[in-house]
Amino acid sequence: MPGLVRGMARTAAVVGTATATRNAVNRRQADKNAQAYAQATSAAYAQVEPPPQEQYAPAEYAPSPEEDMISQLERLGALKAQGLLTDEEFAAAKAKLLAS
């Protein structure tokens, strides 16, 4: 019996050592994999260029037809008030503007 106990103890020691060694190797490999992944992702992000910012020229202000007509009527009124247009010329220009 004593030989059997020693044999079992030796087997348990071998199995325990093999398990500890396997666990250590697995941990080291997992650490290496994590480091490699971190390096690969940081290198990939470093290579990615941000998309170019498109430059747009500011849109020129185009008055709406109503605003344009109002400004033209105001201009005609100012010309009439200054005496540069007669009543007939003002009426004709106003009628032409409103007809368009």
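Enquirer: Explain the overall build of the protein here, please?
Expert: Counting its regular elements, the protein contains three helices and zero strands. For the protein, the succession of helices and strands along the chain, N to C, is α-α-α. For the protein, the proportion of its 100 residues judged to be buried stands at 4%. As displayed, the protein offers around 9000 Å² of accessible surface, 61% of which is attributable to carbon and sulfur atoms.

Enquirer: Got a minute to help me understand the packing of aromatic side chains in this structure?
Expert: Geometrically, a pair of aromatic rings is defined through the distance of the ring centres and the angle of the planes. In this structure the tally under the stated criterion is zero aromatic pairs. Residue placement shows lysine 80 over the ring face of phenylalanine 90; its charged tip is 5.3 Å from the ring centre.

Enquirer: Explain helix H2 (residues 65–81) here, please?
Expert: For H2, which comprises 17 residues, the first-to-last C-alpha distance of 24 Å matches the rise-based estimate of 24 Å (1.5 Å per residue) to within 8%. Glycine 83 lies just past H2 and shows a positive phi near 85 degrees.

Enquirer: Quick question: what am I supposed to make of the packing of H2 against helix H3 (residues 87–99) here?
Expert: When two helices pack together, their arrangement is given by the angle between the helix axes and the distance between those axes. At a closest axis distance of 10 Å, the pairing of H2 and H3 adopts a crossing angle of 175 degrees. Overall, the two elements H2 and H3 adopt an arrangement that is roughly antiparallel. On the side of H2, the interface is formed by Met69, Gln72, Leu73, Leu76, Gly77 and Lys80, while H3 contributes Asp87, Phe90, Ala93, Lys94, Leu97 and Leu98. Broken down by class, the residue content of the contact of H2 with H3 amounts to seven nonpolar, two polar and three charged.

Enquirer: Would you mind going over the pattern of salt bridges with me for this structure?
Expert: Pairs may arise between side chains of opposite charge once their charged atoms sit close together. Applying the stated criterion to the full structure yields one salt bridge. Close ionic contact of lysine 80 with aspartate 87 constitutes a salt bridge, the shortest N to O distance being 3.3 Å. The partly exposed category is assigned to lysine 80, whose relative accessible area is 33%.

Enquirer: Where do I start with the environment of serine 100 in this structure?
Expert: Within the secondary structure, serine 100 is located in the segment after H3. Residues serine 100 and methionine 69, 31 residues apart in the sequence, show an inter-C-alpha distance of 9.5 Å.

Enquirer: What exactly am I supposed to notice about the confidence of the model for the protein here?
Expert: Where the model shows low pLDDT, its predicted coordinates should not be examined in detail. On average, residues of the protein carry a pLDDT of 78, and 71% of them reach 70 or more. Here helix H1 (residues 2–47) is the element of the protein with the lowest mean pLDDT, 74, and H3 is the one with the highest, 89.

Cut-off values and rules
- Residues numbered from 1 in each chain as written.
- Predicted model: local features only at pLDDT ≥ 70, side-chain atom pairs only at ≥ 80, totals over all residues.
- Heavy atoms only, no water.
- Helix = DSSP H or I, 4+ residues; strand = E, 2+ residues; numbered from the N terminus.
- Buried < 20%, exposed > 50% of the residue type's maximum accessible area, 1.4 Å probe, protein only.
- Areas by Shrake-Rupley, 256 points an atom, 1.4 Å probe, with all protein chains shown as cover.
- Phe/Tyr/Trp six-rings, centres within 6.5 Å; stacked < 30°, edge-to-face > 60°.
- Lys NZ or Arg CZ within 6 Å of the ring centre and 35° of its normal.
- Expected span 1.5 Å × (residues − 1).
- Axes fitted to C-alpha atoms, helices over the stretch in contact; angles between N-to-C directions.
- Parallel < 35°, antiparallel > 145°, perpendicular 65-115°, else oblique.
- Contact = heavy atoms within 4.5 Å.
- Nonpolar A, V, L, I, M, F, W, Y, C, P; charged D, E, K, R; others polar.
- Salt bridge = Lys/Arg side-chain N within 4 Å of Asp/Glu carboxyl O.
- pLDDT = per-residue confidence, 0-100.

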